[in-house]
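Analysis of the macromolecular model
The residues making up each chain are set out below.
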Amino acid sequence: MSKIGHYLQEHVTGEVLDTPEIRRYFATDASILTLPPMLVVYPHDENDVRKVARFSWQLAERNRVIPITARGSGTDLGGAALGQGLMVVFPAHMNRIVEFDSKSGSVTVEPGVNFGKLQQTLMTHGRFLPSYPASLEYSTIGGAVANNASGDKSFKYGDTRKFVRGLRVVLANGEVIQTGRLNKRELSRKLGLSTFEGEIYRGIDALLEEKQETIGKFSLPVTRNTAGYQLANVKNDDGSFDLTPLFVGSQGTLGIVTEVTLETEVHNPETTLFVATFDSLDAAQQAIMELRAMSEVPSAIEMVDGKLLETVAATNPSKVKTLMPAPYPAIVLLVEFDDVERAQRKAAKRAQKIFNTYAAACQVETELDKQSRLWKIRELSTIAAVQSTGHAKAVPVIDDGVVPVDKFAEYIQGLYELCRRNKLPVGVWGHAGDGNVRVQPHLDLSQIGGRQTAFRVMEEYYKLVIGLGGTTSGAYNDGRLRAPYLKALYGDEMYAIFEKVKQVFDPYNMLNPGVKVNVTLDDIRPLVREDYGHVHRFDHLPRS
Ligand SMILES: Cc1cc2nc3c(=O)[nH]c(=O)nc-3n(C[C@H](O)[C@H](O)[C@H](O)COP(=O)(O)OP(=O)(O)OC[C@H]3O[C@@H](n4cnc5c(N)ncnc54)[C@H](O)[C@@H]3O)c2cc1C
């Protein structure tokens, strides 16, 4: 093992490993990028994380920067779970549910806890965390918090940020802080601290005061956005202050999360599900807009398009045939209501009227097993995401843009044109209610031509999304892949504020550098891997 490895192993309780196999395994996440870490640490507890940070900070003070990347299950789609320095991997040991308060429904967990396991536990108490991502079975809460993950229920319930009440965070220099909303007096105490924590509170408070106008006037007309740093709710009008919303979604670039306290929601498994088919994108858009305006908010408005059904049917005809026979509609919407019984009945009546007006056909189900079968239509997207044509595989390069919902039809049409121009088959799925859709074009990244196409379609895609007033990321976050588009999205002034935020928390640029800010396309071009695969979906346990 390297000198650094030996040193760290002597000081931490968890394992430190740097074998070629380990470095190779952690050189990829679920993105198209690759970057091997110098070594991997499986922290046993918060103290181990502090020691790693302090070690790195002390070296940085002597002009040697060894970056730290926190990692959950490595299912990040934008390369944010990659780093060339010390990789701190949480699921091995720091995976406990620390406390659950069944009265309030609040739960405190370590970051490496599997999201799906936590969800199961909550459901046995009649509760759930509605911002779960589609990847919940194989990803962690730490990753969901760091990415500000969201999923099909986020249309009604919001993203992960909405549920995080407080965090324990190891700062760049190894200090630990507890976040939560502070009143004016508590803030004033923090501002007076002589520690790095004090410096951070002073830096962010001053920045928010100085740039109040720029931050206040910037807004995107979208209902999901995880691009950039979230500054809007740090300081409220009543003078209260909370760093939690800023850490959520910061992808390990501002601090390392060692404990998370979350609120949860009551879970109602008895729902009403509509599956409606549409002959045109415009009719679907009209229906979505009317569904959005309902006082009983749908708990999900999901979609797959006819082209996705076509592409999946080409390789798995029996799977599609039993769910939805050809000819395929332009679009299929799956719309769910989970209110209490009476409100749900009222909502269903109203929704039925909307579908009667705009849909070509519509089916409604209230029985769980029949609903599960219908949800399989939406789940066909998981087949689309692992399909291949020859050496070309479905790759996540243009898959998380969000547009204002009144631009939904224009967005999908633009995507079709983009794919036609680049001679790529297309199938679209996603969170239609939020104008957040996904496409994974088939590309052979082992060929220069395939890699060039990847960058060309990214360029065209983000131009389309930003041009429609949308955001580059609704759930997957900037990572490395989308970070180069952040300036075009937010403009120079807001981008400069993001750079300042990073400087305040991470003056030596040692926390997950190359993610979120200060990233160019030239930085990521050499990182594209030739063989895209899905290993981190299925296997994220430590190996020794
Ligand atoms: C098939 C598939 C479907 C997906 N569907 C969704 C979806 O529906 N919605 C969605 O939002 N995402 C989705 N994702 C993306 C990803 O799975 C989620 O964002 C997930 O929450 C990441 O969790 P993870 O444990 O894998 O994190 P990782 O990939 O390990 O890390 C993600 C980020 O979090 C940081 N991080 C991890 N732990 C910590 C910590 N303790 N402190 C600080 N930073 C930390 C990492 O540095 C990195 O920046 C999907 C991915 C795949 C492969």
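Please read all numbers here as calculations on a predicted model, not as lab measurements.

Rules behind the numbers
- Residues numbered from 1 in each chain as written.
- Predicted model: local features only at pLDDT ≥ 70, side-chain atom pairs only at ≥ 80, totals over all residues.
- Heavy atoms only, no water.
- Salt bridge = Lys/Arg side-chain N within 4 Å of Asp/Glu carboxyl O.
- Helix = DSSP H or I, 4+ residues; strand = E, 2+ residues; numbered from the N terminus.
- Buried < 20%, exposed > 50% of the residue type's maximum accessible area, 1.4 Å probe, protein only.
- Contact = heavy atoms within 4.5 Å.
- Phe/Tyr/Trp six-rings, centres within 6.5 Å; stacked < 30°, edge-to-face > 60°.
- Lys NZ or Arg CZ within 6 Å of the ring centre and 35° of its normal.

**Remarks on the pattern of salt bridges**
- Counting across every chain of the model gives 24 salt bridges.
- With its nearest N and O atoms 3.1 Å apart, the salt bridge here joins E209 to K235. Of the two residues, E209 sits in helix 8 (residues 196-210) while K235 sits in the loop between helix 9 (212-217) and helix 10 (244-247), which places them 26 residues apart along the sequence.
- When its relative accessible area of 41% is taken as the criterion, E209 is described as partly exposed.
- One salt bridge in this structure joins E341 and R345, with 3.3 Å as the shortest N-O distance. A residue pair is termed a helical-turn pair when its members lie 3 or 4 positions apart in one helix, as E341 and R345 do in helix 14 (residues 341-358) at four residues. In this pair, the class of E341 matches that of R345, namely exposed.

**Observations concerning the environment of F100**
- With respect to the helices and strands, F100 occurs in strand 5 (residues 97-100).
- On the basis of relative accessibility, which here comes to 24%, the residue F100 falls in the partly exposed class.
- Taking C-alpha positions, F100 is 8.7 Å from L122, a pair spaced 22 residues apart along the chain.
- Excluding anything up to four places from it in sequence, F100 contacts G105, S106, V107, L122, H125 and R127.

**Brief notes about the packing of aromatic side chains**
- One pass over the full model with this rule turns up 17 aromatic pairs.
- Arranged with centres 5.2 Å apart and planes meeting at 45°, the rings of F274 and F355 form a pair that is tilted. Here F355 lies in helix 14 and F274 lies in strand 12 (residues 272-278), a separation of 81 residues in the sequence. Residues F274 and F355 agree in their burial class; the two are buried.
- These aromatic residues form a ring-pair network of at least three members: F218, Y229, Y490 and F498.
- K516 extends its terminal NZ or CZ atom over the ring of Y229, reaching a point 5.4 Å from the ring centre.
- The lysine or arginine in question, R525, covers the ring of F455, its NZ or CZ lying 4.8 Å from the ring centre.

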